[in-house]
Amino acid sequence: MPSSFALMAKEQDGSPKLRHPEFQRMRVTLTIGVIGLCVTSYILGAWQGTSNSIKPSFISTKTRCHDLARSSGARLDFQAHHRVTFNESSLGVEKFPPCQLKYSEYTPCQDPRRARKFPKKMMQYRERHCPKKEDLLRCLIPAPPGYKNPFEWPKSRDYAWYNNIPHRELSIEKAVQNWIQVEGDLLRFPGGGTMFPHGADAYIDDINALILLNDGNIRTALDTGCGVASWGAYLMKRNIITMSFAPRDSHEAQVQFALERGVPAMIGVMGSERIPYPARAFDMAHCSRCLIPWNKLDGIYVIEVDRVLRPGGYWILSGPPIHWKRHFKGWERTEEDLKQEQDEIEDLAKRLCWKKVVEKGDLAIWQKPINHIECVDSRKVYDAPQICKGNDVDSAWYKKMETCISPLPYVKTEDEVAGGALEQWPIRASAVPPRITRGSVPGLTPEKFQEDSKLWSERVDHYKKLIPPLGKRRYRNVMDMNAGMGGFAAALIKYPLWVMNVVPSGSPHDTLGVIYERGFIGTYQDWCEAFSTYPRTYDLIHADNIFSGYQDRCDITYILLEMDRILRPEGTVIIRDTVEVLGKVQAITEGMRWKSQIMDHESGPFNPEKILVAVKTYWTGKPTQKQ
């Protein structure tokens, strides 16, 4: 009997088709099978097309064969309700255990135990000291038992859940100054401060009476030794955004309190290294009894403030030694000591070419010159500080402070603003920054800036379709891990949130100065290390091509664990990258209690770049865990 292969060969050769019963039965079976597969595929495709549409609180997408990416297929819930179940990891995926509860407030690069090994001189022990690779935790930082999502802004400015930051120390230590009060299961922030017992609002009104805060010329501010950041919190309603910082454990968890309130803040200290911001960044800098020895160490700390102040910017000082004749007894210092300190600060300000604007009551205000024409000439009079010879004024990642004046960009006339004048807020956000118009950032042009702004406006519109709560009050603290020119932050400007714009150290384009010129805030960061913040301090994290940029530099698993550390329970992550990289990322997040899904690029399915959207599930540490 001829085989079926022989019969088919004869058919292909044009030979007469044999009607053998066995052959016919095989053909009928194959035909029915093909038809069945087609019908099944059609029904499945139709079902996916109807069930995976975008709904008010959920997102999902079809998984296309050409994506080559694994998608969970589960809907992502962005609402805060604490009932998200644990996403069981797949076989073969590393499942990360929870860390011990004692790590619930772990700050890897500002660990107080590690800090004790470093010198106290110039506060070096409170600077960044990150763990070695072998000491990195490979577990998930737990939220404290009873953790709840923070109140929405603006209620969060005044209230927080005690269980989220279970510390009473400041309510006792600063009781007279009204920093914080414990009321049952709530923490209340009356808005007080060491030098503003009547509240931050009244204190800001006093400043406004001396320099205008409401005309749009002052947009970015720096608060050194910020306490619980009430000064920055109350400046927000005047459209001024403040970068507040304070050291870890100077007073327990003060930066954590600030971020829990929805106010920008970082762990930081003025020690031996530059603060991680570019030159000419802030319109205003402030110190309210921040305990920084401004008159010591050849004035190095005032010189650092001068570096980050924009031309024409203001420095505001309240507390010792200002108004010392009234306060010296309460400060437990002699009149001679306080007078000498103020005289030395006044002399240093003159040497920096600052102008004393006013001293009234407890406030003293100086102004930086708009250029260095007269300051260069004055070096013939003042031996120190000299103007620095180098031009790496923006370099601020593990860069030692210097006791020379950071040079301002060259100008031709005495009334010209060095580096270019800035527009008033809010025009400043969309205007082409002077650093771009003047070609200060190689490779960036006004045309590229405009294209970038349009691109991010379109992308954020797409994000709002994927994540409906984005335009509402669900998210307050937002981080952009690779901020570029700040386009993501600019596209979100009309919403009640703020963005920490991060420029990775060593980026081919140092754009952080551009971001500040647009009226936003940010910092430098190497993502192979931990960020200077407490756990659970961001509601939404955006990562644009971070992992493709870092996959050859360090283990991306630790970057994801760091993102998990700083993300709140039920917080959201948006990651843009190639589908190959996102496949690796998603495989890791499956063991991190995240629910994630890979989505098409906003331009369509044929773009090799994709978007991974993830939600961190709600879980807390167990009270019975050994401390």
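Structure: above.
Residues numbered from 1 in each chain as written. Predicted model: local features only at pLDDT ≥ 70, side-chain atom pairs only at ≥ 80, totals over all residues. Heavy atoms only, no water.

A. Structural context of the sheet that holds strand E5 (residues 186-188). Spatial ordering of the open sheet is given by E3-E5-E4, a layout of 3 strands whose pairing is antiparallel. One side of each edge strand has no neighbouring strand; the edge strands of this open sheet are strand E3 (159-161) and strand E4 (181-183). Strand-to-strand twist of the sheet, defined as the mean angle between neighbouring strand axes without regard to direction, takes the value 30°. Pairing analysis gives 3 bridges linking E3 to E5, with the strands arranged antiparallel. Bridged to Tyr159 within E5 is Arg188. (Pairing = 2+ DSSP bridges. Helix = DSSP H or I, 4+ residues; strand = E, 2+ residues; numbered from the N terminus. Axes fitted to C-alpha atoms, helices over the stretch in contact; angles between N-to-C directions.)

B. Region of the structure containing the side chain of Glu127. Structurally, Glu127 can be placed in the loop between helix H3 (112-115) and helix H4 (155-158). Buried and unpaired, Glu127 has Lys400 as its nearest opposite-charge partner, separated by 4.8 Å. Only 2.5 Å separates the side chain of Glu127 from the backbone nitrogen of Ser272, close enough to count as a polar contact. The residues contacting Glu127, other than those within four sequence positions of it, are Cys109, Gln110, Val269, Gly271, Ser272 and Glu273. (Buried < 20%, exposed > 50% of the residue type's maximum accessible area, 1.4 Å probe, protein only. Lys, Arg positive; Asp, Glu negative; His and termini not counted. Salt bridge = Lys/Arg side-chain N within 4 Å of Asp/Glu carboxyl O. Polar contact = N/O pair within 3.5 Å; in protein donor to acceptor, adjacent residues only side chain to side chain. Contact = heavy atoms within 4.5 Å.)

C. Seen up close, the state of the cysteines. Tallied over the entire structure, the rule returns 6 disulfides. Across the disulfide, Cys287 is cross-linked to Cys290 (sulfur-sulfur distance 2.1 Å). Between Cys287 and Cys290, the disulfide has an S-S torsion of -100° and is therefore left-handed. Accessibility assignment for this pair places Cys287 and Cys290 in one class, buried. (Disulfide = S-S within 2.5 Å.)

D. A look at the sheet that holds strand E9 (residues 282-288). Taken in spatial order, the 7 strands line up as E8-E7-E6-E9-E10-E12-E11 in an open sheet, and their pairing is mixed. Edge strands, defined here as strands with exactly one partner in the open sheet, are strand E8 (265-267) and strand E11 (355-360). Strand-to-strand twist in this sheet, taken as the mean axis angle between neighbours without regard to direction, amounts to 20°. Summarising the sheet, strand E6 (residues 220-224) and strand E7 (residues 241-246) pair through 5 bridges and their orientation is parallel. In the strand pairing of E7, Leu222 is matched with Met243. Helix H9 (residues 300-308) rests against E6, E9 and strand E10 (309-318) of the sheet, and its axis sits at about 140° to E10. Each of E10, E11 and strand E12 (363-367) touches helix H11 (residues 335-351); the most contacted strand, E11, lies at about 150° to it.

E. Structural detail: helix H15 (residues 446-466). The terminal C-alpha atoms of H15, which comprises 21 residues, lie 30 Å apart, in line with the 30 Å expected from a rise of 1.5 Å per residue. If you check which residues of H15 are buried, you get Phe449, Asp452, Trp456, Arg459, Val460, His462, Tyr463 and Leu466. One side of H15 holds all its buried residues, which, seen down the axis, span an arc of 160°. Exposed side chains of H15 directed beyond 90 degrees from the buried face belong to Glu447, Glu451, Lys454 and Lys465. (Expected span 1.5 Å × (residues − 1). Arc of directions from axis to C-beta.)

F. Focus on the pairing of strand E19 (residues 609-616). Counted residue by residue, E19 has 8 buried out of 8 residues, so it is predominantly covered. The alternating pattern of E19 places Glu609, Ile611, Val613 and Val615 and Lys610, Leu612, Ala614 and Lys616 on opposite faces, both of which are buried. Where strand E18 (residues 594-599) and E19 come together, 6 bridges link them in antiparallel fashion. Bridge pairing in E19 links Met599 to Ile611.

G. Quick peek at the pattern of salt bridges. Across all of its chains, the model carries 33 salt bridges by this definition. The closest approach of N and O atoms between Arg333 and Glu341, which form a salt bridge, is 2.6 Å. Given the relative accessible area of 26%, Arg333 is considered partly exposed. For Arg568, the salt bridge is made with Asp539, and the minimal N-O distance between the two is 2.6 Å.

H. Broad picture of the environment of Asp347. Along the chain, Asp347 turns up in helix H11. Among the residues examined, Asp347 registers a relative accessible area of 33% and is labelled partly exposed. For the pair formed by Asp347 and Asn295, sequence separation is 52 residues and the distance between their alpha carbons is 9.3 Å.

I. Expanded view of the packing of helix H19 (residues 556-566) against helix H20 (residues 579-589). The contact between H19 and H20 brings their axes to 10 Å, and the two run at 60°. Here H19 is positioned oblique relative to H20, judged by the angle of their axes. Crossing of H19 over H20 shows right-handed handedness. Listed contacts from H20 to Ile556, Thr557 and Leu560 of H19 are Val585, Ile588 and Thr589. (Parallel < 35°, antiparallel > 145°, perpendicular 65-115°, else oblique. Left-handed = near helix turned anticlockwise from the far one by under 90°.)

J. Focus on unusual backbone geometry. Residues Pro320 and Pro321 are joined by a peptide bond in cis, for which omega reads 5°. Here Pro321 shows up in the loop between E10 and helix H10 (324-327). Residue Ala384 is joined to Pro385 through a cis peptide bond whose omega torsion reads -5°. The phi angle at Ala229 is positive, at roughly 65°, despite the residue not being glycine. Note on placement: Ala229 falls in the loop between E6 and helix H7 (230-235).

K. Just the nonpolar core, in detail. In this structure, Met284, Trp294, Trp315, Phe547, Met563 and Ile575 are the most contacted members of the largest nonpolar core, which totals 145 residues. With sequence-adjacent residues up to four places away left out, Trp294 is seen in contact with Thr224, Met270, Cys287, Gly299, Tyr301, Val302, Val305, Trp315, Leu317, Ile345 and Leu348. Core analysis: the next-biggest nonpolar cluster, separate from the first, contains 6 residues, Ile436, Leu444, Phe449 and Val514 among them. (Core = buried A, V, L, I, M, F, W, Y, C linked by side-chain atoms within 4.5 Å.)

L. Spatial organisation of the packing of aromatic side chains. Applying the stated criterion to the full structure yields 15 aromatic pairs. Consider the rings of Trp527 and Phe531, whose centres lie 5.8 Å apart with planes at 15°: the pair is stacked. A cation sits over an aromatic face here: Arg459 above Trp456, 4.7 Å from the ring centre. (Phe/Tyr/Trp six-rings, centres within 6.5 Å; stacked < 30°, edge-to-face > 60°. Lys NZ or Arg CZ within 6 Å of the ring centre and 35° of its normal.)

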